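# Fold and geometry: a report
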Amino acid sequence: MTADKNKIIVAIDGYSSSGKSTMAKKLAADLGYRYIDSGAMYRAVTLFAMEHGMISESGSVDETALTDALRNIYIDFAVTPEGQHTMLNGVDVEHLIRSLEVSNHVSPVAAIHSVRQALTAQQQRFGAEKGIVMDGRDIGTTVFPNAEMKVFVTASPEKRARRRFIELQQNGTPSSYEDVLANVIERDHIDETRKESPLRKADDAVILDNSDMSLQQQEKWLMDLYNRITSEINGSNC
Ligand code: DC
């Protein structure tokens, strides 16, 4: 199938709990694009590893066993009345992958070369026809280095921890604010310093610091950028 020439790829990268997913989802809905939460894919692989005894009590991951198992892990997204749900081997794991336990184990899993290779290939297949908004850490740098629109989202660790804390409470998985903040800071460190596809801004990404922005302001900011980029593309195609 060929890509619709008017559709583009939107890559939204940034720190954990920076609100990327909320704004990416809204942009995709407004544009009629597909939304892919790449972090959910790393979380689903982590859940699989936890459920199959591949993560020890001390948190170390059995890399060999997980690499072997990757061919038996199928991740997809189902659209439900409550929104998009992550499916792991046909089972809805949307709620489970958001737990603090999965959050605590996901960074070492996401640092494994074979895991990144498998998920990057699948993410590229999702975007083969364009018309996609994908959020994550390495979408603009590794998954879609040629994406037409790249955004790098950031906010202070305290603001992000507060948002995640409220989200966990709403999901019925309460934890202390201090634990959530510690998790945010630790994940930032692992994401930024890992060897495989570390979190970094692509040279051609536009920074969005949303520490003091409302959701509406962020939505408008993104839509304005999208309109500017697509009109530039259309202008240069004339
Ligand atoms: O966005 P999130 O917090 O749901 O992401 C979960 C973890 O997955 C996070 O620790 C970083 C990792 N991740 C990644 O390494 N690459 C991506 N493209 C997306 C997420």
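In what follows, the structure referred to is the one given above.
Overview of the structure.

Moving on, we get to the sheet that holds strand β1 (residues 9-14). If you walk across this open sheet you meet the 5 strands as β2-β6-β1-β7-β8, and the pairing is parallel. Each edge of the sheet is formed by a strand with only one pairing partner; in this case those strands are β2 (34-37) and β8 (206-209). Direction aside, the axes of adjacent strands within the sheet are offset by 20° on average. Docked against the sheet, helix α9 (residues 215-237) engages β1, β7 (149-154) and β8, running at close to 160° with respect to β7.

A few words now on the site of the ligand. Taken together, 17 residues sit near the ligand, with Arg43, Arg116, Asp138, Arg187 and Arg194 positioned nearest. Within the contact set of the ligand, an oxygen atom lies 2.8 Å away from a side-chain nitrogen or oxygen of Arg187. Counting atoms within 2 Å of the grid points, the majority share of the ligand lands in the largest pocket. For the shell around the ligand, the secondary structure elements donating two or more residues are α2 (38-51), α4 (100-110) and α8 (177-193).

As summarised here, the arrangement of the 3 strands in space is β3-β4-β5, forming an open sheet in which the pairing is antiparallel. Only two strands of the sheet have a single neighbouring strand rather than two, namely β3 (75-80) and β5 (91-92). Examined bridge by bridge, β3 and strand β4 (residues 83-88) share 6 bridges and lie antiparallel to one another. Residue pairing across strands places Phe77 opposite Thr86, the latter belonging to β4.

Here we come to the environment of Glu63. Mapping Glu63 onto the fold places it in helix α3 (residues 63-69). For Glu63, a relative accessible area of 43% corresponds to the partly exposed category. The sequence separation of Glu63 and Ser114 amounts to 51 residues, and the corresponding C-alpha distance is 8.8 Å.

Attention now goes to the layout of surface pockets. Reported here for the largest pocket is a volume of approximately 1,200 Å³. Taken together, 45 residues make up the lining of the largest pocket; nearest its centre are Ser21, Thr22, Arg98, Arg164 and Glu167. A per-class count over the lining of the largest pocket returns 9 nonpolar, 19 polar and 17 charged. Around the second largest pocket sit Val45, Leu70, Ile73, Tyr74, Ile75, Ala118, Leu119, Ala121, Gln122 and Arg125, which together line it. Top element by residues in the lining of the second largest pocket is helix α5 (residues 113-126). It accounts for 5 residues.

About the cut-offs
Every chain begins its residue count from 1, and numbering advances along the sequence as written. For this predicted model, a pLDDT threshold of at least 70 governs which residues receive local features, and a threshold of 80 or more governs which side-chain atom pairs are given and counted, while totals over whole chains, interfaces and linings are taken from all residues. Side-chain measures here rest on the full set of heavy atoms in the structure, leaving out hydrogens and waters. Think of it this way: DSSP has to see at least two bridges between two strands before they count as a pair. Helix and strand labels come from DSSP, where a helix needs a run of H or I of at least four residues and a strand needs a run of E of at least two; each type is numbered from the N terminus. Interaxial angles span 0 to 180 degrees and are taken between N-to-C directions of axes, which are lines fitted to C-alpha atoms, for helices over the stretch in contact. Throughout, a residue-residue contact means that at least one pair of heavy atoms, one from each residue, lies within 4.5 Å. Being near a molecule or strand, for a residue, means having at least one of its heavy atoms within 4 Å of it. Side-chain atoms alone can form a polar contact between residues adjacent in sequence; in general such a contact is a pair of N or O atoms within 3.5 Å, and within protein one must be able to donate a hydrogen while the other accepts it. Definitions used for this entry: grid spacing 1 Å over protein atoms alone; cavity, a set of points where a 1.4 Å probe fits but cannot get out; pocket, an open set with protein on both sides within 12 Å along at least 5 of 7 lines; lining residue, one with an atom within 4 Å of a point. The rule for placing a molecule in a cavity or pocket is simple: more than half of its atoms must lie within 2 Å of the grid points. Each residue gets one of three labels from its accessible area relative to the maximum for its type: buried under 20%, exposed over 50%, partly exposed in between, using a 1.4 Å probe on protein chains only. Grid points are joined across faces, edges and corners, and a volume is the space filled by probe spheres set on the points. In this count, Pro and Cys sit with the nonpolar residues alongside Ala, Val, Leu, Ile, Met, Phe, Trp and Tyr, while Asp, Glu, Lys and Arg are called charged and the others, Gly among them, polar.

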